Amino acid sequence: MPAAQAERTLEAWSRGHALLALCAALAAWQLGKLWPLSLEAALAFPILIFRHLPVATPSGRLGAANSVTALRLLLMLWLALRSNDLGSLVTGAGVGLVFALDAVDGWLARQRNEASEFGAHFDMETDALLVQLSAFMLLRQGQAGLWILLAGALRYLYVIATWLMPPPAGDPGRSRLGRYVFSFYMTSAIACFLVPRAISLPWSALATLALVASFTRSTIMAYARA
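Computed from a predicted structure; not experimentally measured.

Draft legend 1. Highlighting the packing of aromatic side chains. Across all of its chains, the model carries five aromatic pairs by this definition. A ring pair is formed by Tyr158 and Phe215, whose centres lie 6.0 Å apart and whose planes are at 65 degrees; its orientation type is edge-to-face. Pair noted here: Tyr158 is in helix 6 (residues 148-164) and Phe215 is in helix 8 (residues 197-224), with a separation of 57 residues, a long-range link. Judged by its relative accessible area of 8%, Tyr158 is buried. Accessibility expressed as a relative area gives 21% for Phe215, which makes it partly exposed.

Draft legend 2. Seen up close, unusual backbone geometry. Phi angles above zero are rare outside glycine, and Asn113 is one such case at about 55 degrees. Among the residues examined, Asn113 registers a relative accessible area of 60% and is labelled exposed.

Draft legend 3. Spatial organisation of the nonpolar core. Membership of the largest hydrophobic core comes to 54 residues, with the highest contact counts inside it found for Leu37, Phe45, Val95, Phe122, Leu129, Tyr185 and Met186. At the level of secondary structure, the elements contributing two or more residues to this core comprise helix 1 (3-31), helix 2 (35-51), helix 3 (63-82), helix 4 (88-111), helix 5 (117-140), helix 6, helix 7 (176-194) and helix 8. Here this core takes 11 residues from helix 5, the largest share from any one element. If we skip the residues at most four places from it in the chain, Leu37 touches Ala21, Ala24, Ala25, Ala28, Gln132, Leu133 and Phe136. Within the second largest apolar cluster, five residues are counted, among which are Ala65, Val68, Leu101 and Ala109.

Criteria and thresholds
- Every chain begins its residue count from 1, and numbering advances along the sequence as written.
- Under the rules for a predicted model, residues below a pLDDT of 70 receive no local features and side-chain atom pairs below 80 are neither given nor counted, while totals for whole chains, interfaces and linings still include all residues.
- With hydrogens and water stripped out, all remaining heavy atoms of the structure feed into the side-chain values.
- Each aromatic pair joins two rings of Phe, Tyr and Trp (for Trp, the six-membered one) with centres within 6.5 Å, and gets the label stacked for planes under 30 degrees apart, edge-to-face for over 60, and tilted for any other angle.
- What counts as a helix is a DSSP run of H or I of at least four residues, what counts as a strand is a run of E of at least two, and both are numbered from the N terminus.
- The classification of residues rests on relative accessible area computed with a 1.4 Å probe and restricted to protein chains. Under 20% of the type maximum is buried, over 50% is exposed, and intermediate values are partly exposed.
- For the purposes of this section, nonpolar cores are sets of buried Ala, Val, Leu, Ile, Met, Phe, Trp, Tyr and Cys residues that join through side-chain atoms within 4.5 Å.
- It only takes one pair of heavy atoms within 4.5 Å for two residues to be counted as in contact.

In short, the description is geometric, and any link to function would need to be established separately.
As structure tokens, then:
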């Protein structure tokens, strides 16, 4: 698959996934259950992987780095499905493990020369799902208010907004500041599973606000570029 075609199909998948993820989030909120989110991800991500397997790495194989990302995805889905039976401590530890593995897949990609546009895209979409699922789990366990769901929707709202109104110079992609804010949000979310509710409520609100500010900045920069 030529690089230009791969880029177009990755963007098309992200747009469809964003629409379905927002619909699944609405269903999960109305039902008070996480299975709509897990079902959407379980159907969407295999399409992403198998459609782009030939360009997953320079060698044309899935590779070790993408395999770790796939493991992160499976762990997240398992946590979401078992969240009713797991306490805050175990859930927080599970989310922490998934987040820690985010550093492993990037390191492997660099060490094994497996870096690719697909790998970066797969990793970014897996991160977005981690934010969404952890937000719902925090809400269900009473460790955050309804505002936390905005954090889980931001990536998908951004994708749809830049699809309907394309930035003049294209999407600038993930910034270094955006990565720092993502790390701050995830470490805060993990901590919020473990601390008393009186602390987790304002802390999760602050983390959500930081993520909103980051996406707002990215949106402004995308449309300000010439």
